[in-house]
Amino acid sequence: MGGRKRETGIAERVDGGLAELCPDDGRPGRWTLLLDGYPQSALDLEEPRTLDFEYMRRVASVIDAMAPAGAPLSVLHLGGGALTLPRYVAATRPGSAQRVVERDAALIAFVRKHLPLPRGADIRVRAADAREAVESLAPGRFDLVIADVYGGARVPAHLASLEFLTAASRLLRPGGIYVANLADGAGLGFARGQAVTLRRLYGEVVLLAEPSVLRGRRFGNVILVAAAEPGRIPQARLARAGAGDPFPARLVAENDLTDLIAGAKVVTDATAVPSPAPPANLF
């Protein structure tokens, strides 16, 4: 099915389902991307520094704090969506070299057709499976790897194992940081398993989530941040950014994280499962 105008915006059948771009009538240039009805990305073409989704603001707080303001970074984005975070990096850190891996080639074409990338930005998008791409890339290439990959609103199992995370860790330069956006519900079983697995590979791991998500009261996003060297993650800045957000987040680290993930086991290819599906009425 080709692209077609609707009252709600633009819709097109892509490899992963029905993609829809819905405009914000009150704010020109702002769009939300949905895939089979699930919100995937939101962006402002005129001001890419504006991030409507709280999980993106949490990831952006890592981008802002990990290097001096304006300094370019080499970034690998696993998962493309509407390419919101690559646009953010291009706007806040001009000259950054960014690579995006998105499995859905038709989605890439749809987004680039209707929401063109900024001119002059070094953003290259590749249609591939995230794990296959990670395993094929040269080691030590990136300052930052951001994993934000979903299939049917769930993180695929093959992107949740020690084997995958080990391959991703090899792509980081000394001082590099790995960030993952997950979604979880009561008990945080999936996120806790991912945190334990990351601790097997990295010297420092922290978690960011809203208190209601941490308490298991609602399904929501969990951000994990990992670095090889203890002290590399700017914990104080991330904590301040999370606390000052319109949807405040709590940073969990060190002994508090140890307590949170107690009893969780390292996830391997043999035991990996997708992240839990969101409740039917969430959106």
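From a predicted model like this one, the values you see are computed outputs, not experimental measurements. (Residues numbered from 1 in each chain as written. Predicted model: local features only at pLDDT ≥ 70, side-chain atom pairs only at ≥ 80, totals over all residues. Heavy atoms only, no water.)

### Things to note about the overall build of the protein
Here comes step 1: Broken down by element type, the protein carries nine helices and 13 strands.
Here comes step 2: Relative to the 2.2 N^0.38 estimate, which gives 19 Å for 283 residues, the radius of gyration of the protein is 18 Å and therefore close to what a compact globule would have.
Here comes step 3: Expressed as lengths along the three principal axes of its C-alpha atoms, the size of the protein is roughly 50 × 40 × 40 Å.
Here comes step 4: Taking all 283 residues of the protein together, the buried fraction comes to 54%.
Here comes step 5: Contacts spanning at least 24 positions in sequence make up 67% of the contacts within the protein whose residues lie at least 6 apart.
Here comes step 6: Working note: accessible area of the protein is about 12,500 Å², and carbon and sulfur atoms make up 51% of it.
Here comes step 7: Here the protein contributes 34 positively and 31 negatively charged side chains, and the mean placements of these two sets differ by 2 Å. (Helix = DSSP H or I, 4+ residues; strand = E, 2+ residues; numbered from the N terminus. Rg over C-alpha atoms; globule rule 2.2 N^0.38 Å. Buried < 20%, exposed > 50% of the residue type's maximum accessible area, 1.4 Å probe, protein only. Contact = heavy atoms within 4.5 Å. Areas by Shrake-Rupley, 256 points an atom, 1.4 Å probe, with all protein chains shown as cover. Lys, Arg positive; Asp, Glu negative; His and termini not counted. Charge placed at Lys NZ, Arg CZ, Asp CG, Glu CD.)

### Remarks on unusual backbone geometry
Here comes step 1: Look at Asp36: it is not a glycine, yet its phi comes out positive at around 50°.
Here comes step 2: In this structure, Leu188 takes a positive phi of about 50° despite not being glycine.
Here comes step 3: Relative to the helices and strands, Leu188 is located in the loop between β10 (172–184) and α6 (189–201).
Here comes step 4: Leu188 gets classed as buried once you look at its relative accessible area, which sits at 2%.

### Focus: the pairing of strand β7 (residues 97–102)
Sheet faces and side chains relate simply in a regular strand, where the side chains alternate between the two faces.
Here comes step 1: Of all six residues making up β7, five are buried, and the element is well covered by its neighbours.
Here comes step 2: Handedness of the crossover joining strand β6 (residues 74–78) and β7 through helix α2 (residues 84–92): right-handed.
Here comes step 3: Pairing of β7 with strand β8 (residues 122–127) involves six bridges; the strand directions are parallel. Among the inter-strand pairings, Val100 is bridged to a residue of β8, identified as Val125.
Here comes step 4: Assessed by its sense of winding, the connection that carries the chain from β7 through helix α3 (residues 105–114) to β8 is right-handed. (Right-handed = clockwise from strand over helix to strand, strands pointing away. Pairing = 2+ DSSP bridges.)

### Structural notes on the side chain of Asp184
Here comes step 1: Of note, Asp184 is situated in strand β10.
Here comes step 2: One buried charged residue, Asp184, forms no salt bridge at all, with the nearest opposite charge on Arg192 at 7.8 Å.
Here comes step 3: A distance of 2.9 Å separates the side chain of Asp184 from the backbone nitrogen of Phe190, its partner in a polar contact. (Salt bridge = Lys/Arg side-chain N within 4 Å of Asp/Glu carboxyl O. Polar contact = N/O pair within 3.5 Å; in protein donor to acceptor, adjacent residues only side chain to side chain.)

### Considering the sheet that holds β7
Here comes step 1: One open sheet holds the eight strands; their spatial order is β8-β7-β6-β9-β10-β12-β11-β13, and the pairing between them is mixed. Looking at which strands have only one partner, the edges of the open sheet turn out to be β8 and β13 (250–253). When the angles between neighbouring strand axes are averaged without regard to direction, this sheet yields 15°.
Here comes step 2: Pairing geometry for β10 and strand β12 (residues 220–227), over eight bridges, is antiparallel. What sits directly across from Tyr178, in β12, is Ala226.
Here comes step 3: Set on the sheet, helix α1 (residues 54–65) makes contact with β9 (142–147), β10, β11 (204–209) and β12; between it and β12 the angle comes to about 15°.
Here comes step 4: Sitting on the sheet, α3 touches β7 and β8, and the angle it makes with β8 is about 145°. (Axes fitted to C-alpha atoms, helices over the stretch in contact; angles between N-to-C directions.)

### A few points about the packing of α1 against helix α8 (residues 235–243)
Helix-helix packing: each pair is described by the crossing angle between the helix axes and the interaxial distance.
Here comes step 1: One can describe the packing of α1 onto α8 by two numbers: an axis separation of 10 Å at closest approach and a directional angle of 145°. As α1 runs across α8, the sense of the crossing is right-handed. Between α1, through Ser61, Val62, Asp64 and Ala65, and α8, the contact on the second element is made entirely by Arg237, Leu238 and Ala241.
Here comes step 2: Tallied by class, residues from the contact of α1 with α8 come to four nonpolar, one polar and two charged. (Left-handed = near helix turned anticlockwise from the far one by under 90°. Nonpolar A, V, L, I, M, F, W, Y, C, P; charged D, E, K, R; others polar.)

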